Amino acid sequence: MPQRQTLQQNLSQRLSQRQLALMRLVEANQEELEELISKEIAENPALEEGPEEDLDLNTNPENPENDDDDEPTEISYEDALERGETTRENDNFDSNSDDWESNDYSYFQSSEDDRYEKPIIATTSFREDLVRQIGELDISEEEELIAKYIVGWLNDDGYLDSECRSIANRLLITENLQISANEVELVLKQVIQNLEPPGIGARNLQECLLLQIRYEIQKEATPELTLAERILQNDFELFYKKKYNVILRKEKISQAELDKVLGIITKLNPKPGGGAEENNYVIPDFIISIENNEPTVTLANPYDGRLRVNREYEKLFAKMTEKRNAEARKFIRENIDKAKAFIELMPERDRTMYLVMNEIVQQQKPYFLSGDLKELRPMVLADIEKKTNLDVSTVSRITSRRYALTPYGTILLKRLFSESVGSNDKQEGASSVAVREVLKELIDAENTNCPFTDEKLTTLLKEKGYDISRRTVVKYREQLGIDNSNMRKKSKKKSL
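Remember, predicted model here, so these are calculated numbers, not experimental data.

> Hey, could you run me through the nonpolar core in this one?
Note that soluble globular proteins tend to have their nonpolar side chains buried in a common cluster. If you look at the biggest cluster of nonpolar residues, it comprises 46 residues, and the most contacted ones within it are Phe286, Leu307, Met346, Met357, Ile360, Phe368 and Leu416. Examining the composition of this core, we find that 13 residues originate from one element, helix H15 (residues 326-363), more than from any other. In this structure, Leu130, Ile134, Ala168 and Ile200 belong to the second largest nonpolar core, which totals 24 residues.

> For this particular structure, what's the right way to read the pattern of salt bridges?
Evaluated as defined, the whole model comprises 28 salt bridges. One salt bridge connects Arg415 with Asp156, and the closest N-O pair in it is separated by 2.5 Å. You can see Arg415 sitting in the loop between strand E8 (409-412) and strand E9 (420-421) and its partner Asp156 sitting in the loop between helix H5 (141-153) and helix H6 (164-175), a full 259 residues away along the chain. Residues joined in a network through salt bridges with shared partners are Glu34, Glu49, Asp304 and Arg306.

> It is not clear to me how the sheet that holds E8 should be interpreted in this structure. Could you clarify?
The strands that make up a sheet pair up through hydrogen bonds in the backbone, lying either parallel or antiparallel. Strand order in the open sheet made by the four strands is E5-E4-E7-E8, with mixed pairing throughout. Strands with a single pairing partner mark the edges of an open sheet, and in this sheet they are strand E5 (294-299) and E8. Between one strand axis and the next, the sheet turns through 30 degrees on average, direction left out of account. Note: strand E4 (residues 286-291) against strand E7 (residues 403-406), two bridges, orientation parallel. In the sheet register, Ile287 faces E7, and the bridge partner there is Leu405.

> What should I look at first to understand the packing of aromatic side chains in this one?
Each aromatic ring pair is summarised here by two numbers: the centre-to-centre distance and the angle between the ring planes. Inspection of the entire model under this criterion finds four aromatic pairs. Look at Phe236 and Phe239: their rings are 6.3 Å apart centre to centre, the planes differ by 40 degrees, and that puts the pair in the tilted class. In this pair, Phe236 and Phe239 are both assigned in helix H10 (residues 236-240), three residues apart and thus about one turn of the helix distant. Just as Phe236 is buried, Phe239 falls in that class too. For the pair Tyr367 and Phe368, a centre-to-centre distance of 5.2 Å together with 65 degrees between the ring planes defines the contact as edge-to-face. In this structure, Tyr367 and Phe368 share a single accessibility class: buried. Taken together, the ring pairs connect Phe236, Phe239 and Tyr240 into an aromatic cluster. For the cation-ring pair, Arg329 lies above Phe317, with the distance from its terminal atom to the ring centre recorded as 4.3 Å.

Conventions and cut-offs
Residues numbered from 1 in each chain as written. Predicted model: local features only at pLDDT ≥ 70, side-chain atom pairs only at ≥ 80, totals over all residues. Heavy atoms only, no water. Core = buried A, V, L, I, M, F, W, Y, C linked by side-chain atoms within 4.5 Å. Buried < 20%, exposed > 50% of the residue type's maximum accessible area, 1.4 Å probe, protein only. Helix = DSSP H or I, 4+ residues; strand = E, 2+ residues; numbered from the N terminus. Salt bridge = Lys/Arg side-chain N within 4 Å of Asp/Glu carboxyl O. Pairing = 2+ DSSP bridges. Axes fitted to C-alpha atoms, helices over the stretch in contact; angles between N-to-C directions. Phe/Tyr/Trp six-rings, centres within 6.5 Å; stacked < 30°, edge-to-face > 60°. Lys NZ or Arg CZ within 6 Å of the ring centre and 35° of its normal.

This is the structure we're talking about:
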């Protein structure tokens, strides 16, 4: 076949080096940020910590005598900057970044006295322990990136709610990493599900319990453990519904054998994320206060202006002639450019974080004024993206693993996001978080001798204005870890 050349136009979005650097800073929590700063200072001799000095940068240091009259006149670093001789990229981050001065962030920066320093006790740092374990494994950089990304998607119980395909798509958007869902699944099974505590990274309760049983079998394969694995693998539905007589007949085992298996299984942890929790200190990133019936946002640890370019390094650059010291001059100039770019990103990080948190507070104002979860409105990442003009991946990075100190306690930002349920042409849907809260209150207030059926709960929710299906009620009830009406009634009888 004859070969032909054709022209095609493709529309694609590429992140600049400056944007990627800012996203890394935005994603880092306070502890990780300190590590990034220390690493940058160690790698770049032009960057240092210390108060800014009042030096006239336009005054060149005294130049050494120069016998070659044809050599160009030496200039300061700032003059070189004005002439466009630096390697800094003039990339803008997001559509309206030109409207902001990089050093003008005092309007959301807390004073030195107001800065939050006292740690708050929280119980969700099992993710940080998982990341630490991943860092100690002998795996490739790509596998480590995928594994850490999966950890960020685990819920507070240690389960993975998202599909591997969704994670692969997000990695393509945020990290420019093109992988398949099968590759994500491989890392999930070979890396995440082999971390401690056992059961982490499971997609459902059955898989969670099986991971823990198999962990025990690896240490010592006893007949009881092998039988427990078989029952969980083949008869989980019967086990969950406590149809033990059916299991006895199907597996052809004695009551004594079944009792031993039940003793083993009931000691397993159905919430490995929560089971790994201890009192850990978490420093919130935001402080929400109420002033004149209006919620206000303050950054808990804003950038304090402690970074600067090494003055001696700048003087050295100014002394070097371009003709005699071209390579050394280029090396020094690039380091100074990197230092200045890094310094400029610090207040930009604060600005971006403030924009996102402030918009979250505005959209969830009723909740922040009352502290009542039933006041939460449906909100997804795209809602914040539209209002702030930030990329959805940036919003995701800011809200992941971040906390806010409120008058009602320290909250995880991720819990403020939820999809809309029960919406139609006539009414706006409610937050799934709010619906679960109302559902829990209904069950807590029920007559324990005659618990509400799922059909009854559906009717009661509709009477309260939540038009959702029975299937959704069952789903939310199971997410709350609440048994069906028959099981709740049996539990009550046993307790009596």
